Amino acid sequence: MTETRFTGTENYVATPDLMMAVNAAVTLGRPLLIKGEPGTGKTQLAAEIARALQRPLYEWHIKSTSKAHHGLYEYDAVSRLRDSQLGEEKVRDIRNYIIKGSLWEAFESNVQPVLLIDEIDKADIEFPNDLLRELDRMEFFVHETRELVKARHRPIILITSNNEKELPDAFLRRCFFHYIRFPDADTMEKIVRVHFPNLKAELLGEALTSFFAVRETPGLRKKPSTSELLDWIKLLLAEDIPPDALRGNDPKKLLPVMHGALIKNEQDVHLFEQLVFLNKRAGR
Amino acid sequence: MLVRFFTDLRAGGVPVTLPEFLSMLEALEARVAALSAEEFYYLARMALVKDERHFDRFDRVFAEHFEGAEKLFEKLMAELPPEWLKQITERLLTEEEKQRVQALGGWDKLLETLRERLREQKERHEGGNKWIGTAGTSPFGNQGFNPEGVRIGQGKSRHRRAVKVWDARDYRNLDDDIELGTRNIKMGLRRLRRFAREGAAEELDLDGTIDATARNAGLLDIKLVPERRNAVKLLLLLDVGGSMDPHVKVCEELFSAARAEFKHLEYFYFHNFPYERVWKDNRRRFSVVTDTWTLLRTFNPDYRVVFVGDATMSPYEIEEPGGSVEHWNNESGRVWMSRITRHFPRLVWLNPEPEERWQWTPSVAITRELVDNRMFPLTLDGLDRAMRELRQRGGPGGVTSRHGLTPDHSADAS
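Quick notes on the rules
- Residues numbered from 1 in each chain as written.
- Chains lettered and ligands numbered in written order.
- Predicted model: local features only at pLDDT ≥ 70, side-chain atom pairs only at ≥ 80, totals over all residues.
- Contact = placed C-beta atoms within 7 Å.
- Helix = DSSP H or I, 4+ residues; strand = E, 2+ residues; numbered from the N terminus.
- Nonpolar A, V, L, I, M, F, W, Y, C, P; charged D, E, K, R; others polar.
- Pairing = 2+ DSSP bridges.
- Axes fitted to C-alpha atoms, helices over the stretch in contact; angles between N-to-C directions.
- Buried ≥ 20, exposed ≤ 12 C-beta atoms within 10 Å, placed from the backbone.
- Right-handed = clockwise from strand over helix to strand, strands pointing away.
- Parallel < 35°, antiparallel > 145°, perpendicular 65-115°, else oblique.
- Left-handed = near helix turned anticlockwise from the far one by under 90°.
- Core = buried A, V, L, I, M, F, W, Y, C linked by C-beta atoms within 7 Å.
- Expected span 1.5 Å × (residues − 1).

### Concerning the interface of chain B and chain A
Interfaces are often sized by the amount of accessible area the parts lose when they come together.
Alright, step 1. Residue-level contacts link 27 residues of chain B with 24 residues of chain A.
Alright, step 2. The set of elements that each furnish at least two residues to the side of chain B that touches chain A consists of α2 (18-29), α3 (37-48), α12 (182-189) and α13 (206-215) of chain B.
Alright, step 3. Considering only residue class, the side of chain B that touches chain A consists of 15 nonpolar, five polar and seven charged.

### Let's talk about the sheet that holds strand β9 (residues 375-377) of chain B
Residue and element names in this part refer to chain B.
Alright, step 1. Strand order across the open sheet formed by five strands is β4-β3-β7-β8-β9, with parallel pairing between neighbours. A strand with exactly one partner marks an edge of an open sheet, and here the two such strands are β4 (264-270) and β9. Between one strand axis and the next, the sheet turns by 25° as a mean value, whatever way the strands run.

### Things to note about the environment of Ala25 of chain A
Residue and element names in this part refer to chain A.
Alright, step 1. On the secondary structure map, Ala25 appears in helix α1 (residues 16-28).
Alright, step 2. On a C-alpha basis, the gap between Ala25 and Phe176 in space is 6.8 Å, while along the polypeptide they are 151 residues apart.
Alright, step 3. Residue contacts for Ala25: discarding those within four places in its chain leaves Arg30, Pro31, Leu32, Ile156 and Phe176.

### Concerning the pairing of strand β8 (residues 347-351) of chain B
Residue and element names in this part refer to chain B.
Alright, step 1. Of all five residues that make up β8, five are buried, and the element is covered over most of its length.
Alright, step 2. Of the two faces of β8, the one holding Leu347, Trp349 and Asn351 and the one holding Val348 and Leu350 are both buried throughout.
Alright, step 3. Pairing geometry for strand β7 (residues 304-308) and β8, over four bridges, is parallel. Within β8, the position partnered with Val306 by the bridge is Val348.
Alright, step 4. Bridging between β8 and β9 involves three bridges; their strand directions are parallel. Counterpart to Trp349 in the pairing with β9 is Met375.
Alright, step 5. What joins β8 to β9 is helix α18 (residues 362-370), and the crossover it makes is right-handed.

### A few points about the packing of α1 of chain A against α3 of chain B
Alright, step 1. Close contact between α1 of chain A and α3 of chain B brings their axes to 9 Å; oriented N to C, the two are set at 55°. Relative to α3 of chain B, the element α1 of chain A is oriented oblique. Classified by chirality, the crossing of α3 of chain B by α1 of chain A is right-handed. Contacts between α1 of chain A and α3 of chain B pair Asp17, Met20, Ala21 and Ala24 of chain A from the former with Glu39, Tyr42, Leu43 and Met46 of chain B from the latter.
Alright, step 2. Considering only residue class, the contact of α1 of chain A with α3 of chain B consists of six nonpolar, no polar and two charged.

### Quick look at the nonpolar core
Alright, step 1. Formed by 86 residues in total, the largest nonpolar core has its most connected members in Leu32, Leu158 and Phe176 of chain A together with Leu43 of chain B.
Alright, step 2. It is α3 of chain B that provides the largest number of residues to this core, a total of nine residues.
Alright, step 3. Once residues within four sequence positions are removed from consideration, Leu32 of chain A is found in contact with Ala21, Val22, Ala25, Ile157, Leu158, Ile159, Cys175, Phe176 and His178 of chain A.
Alright, step 4. In terms of nonpolar packing, the next biggest core, distinct from the first, is built from 43 residues, Val232, Leu238, Tyr275 and Leu295 of chain B among them.

### Concerning α1 of chain A
Residues and elements named next belong to chain A.
Alright, step 1. Compared with the 18 Å implied by 1.5 Å per residue over 13 residues, the 18 Å span of α1 between its first and last C-alpha is a close match.
Alright, step 2. Those residues of α1 that fall on the buried side of the exposure criterion are Asp17, Leu18, Met20, Ala21, Val22, Asn23, Ala24, Ala25 and Val26.
Alright, step 3. Gly29 sits one or two residues past α1 and shows a positive phi near 65°.

Any link to function would need more than the numbers given here.
Structural data, given as structure tokens:
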């Protein structure tokens, strides 16, 4: 018997509300729409659920050119045309030219799979509407072969969105919704612990303090996110930076070491440098 | 109780629909949430609210609706000290009732049933269909047992928290009435999208290929089409300095959102009101300038023009030649503005000042008149209206300003 309740994994710290959202979606077989600041682990969640519940994972990454039917199937008319000119035998069966999409593959899975529809907001505005029936009834019709594809097990569907487009109401109505908040200091400490179990408490404390200080800076264009914090700590470890180097008792030193991992925008770096400059002047 | 919660949510501005409400009930029935008020809160929010901008409204309705519910949950969660309960119950019950208690199997049995019932109750409450004493099926209800009156376990809660999740109102700044962030601006600007196929043909046109191949008697004839792009051209004219300083942030946001959204975006700055020159770089605003005539000649009328400015200044700055606070302008701002409105039929003015304050500033009224009433506040709603305006106005040369006539006093200027 596989696990049925998701409680996070050793690699992924789930907050109680997130666990609740995932479990409700699993129990009721509803798609779960995940939003949140970039870098809060939206995409990773699907992989972790699949791992925790020991289910196969199917991923469908949406691009601005994606169409709903790409996830179902595609009819490769061009290769059929080419094959017909070469006189190939397989050209007689249209089935040979139907390429299954991730949704179809997930529907065919023998155990309940996890399906990730990543960054649904990248696609055209109409895209989610074209998937309503598929997500609702978990079936679709292949016109070319006149067959109805039905899900053997309702997949656990996770949909992530970066909020670049408003999703249609009819679509939202069919989903559960969870907004991953930016983790508070405690949760963040847990997350870092999970990724760097051997990190010295001292360094972790200092790193978190300066990380949250950076985030608090007014006027930042792009606030550093969890994944950037993890990268930064990785760098700190790789360079063997002592905790003292991060210590904030020197107000003149605002720009943290290796800030390139945290601040990704030249305007933000400028802003920081100005703040450092102002602080130096104030300190004099 | 939950139905009222549903109607309250709708009244509170959270767009909840019946299917969503039903799916929440379904989730409750499936016992997805069975442990605490907090879980119920998360579940309800997940099932009913589909946009983080509505979280705050949801929190408010929730707090109002379930005030006190938390306390009750805590009481029900607490362990029952049997001695104490027995004592109190004895005091509360009449002789007759005590006999009925005996008939139920004695104190121990009764306590066990009570505890069980309470445990069930806690879950059932979340299902919203049964409370002690209200359903009429509980033996405790009959005996006048009131968990609230008895105050079982109060003060020893294991689940007390300093601030309830829904009272924390962490999502306040995601509400769209309050703030206009880059994301919101982008959403607003997206209304202006108009896709068209332009440029080099590099995408396979499948339908065209099939069609051409069929016409070509089955010989493969591949057709290509240009990629679809947002074809809207935008000219952004931004007021900088002086009274605009408090609005720098929102203008920056608008600017960065527009930059990301439009392929054909041109921007220029002006100070207070457009005169005969605009500039691109504020640091070299006196050395590197663009003649407004050049601007009018360079950009076709199919550019949509968005002015951003508070239009707050002395009326002389618009009406009189030489009115500019920075330099000597030979022709009045009014003349320049009417030239611009005549050249660009699709034009709006976004004003970061709140709409209700406009009437107190004469220069705002004049500017409004000059742009033919197409002034909108720089809020989400205003942006929305502005974008709609830009979409609707007829094609190039379609509409000319009705008020933008050149005033004759401009002639006797210099």
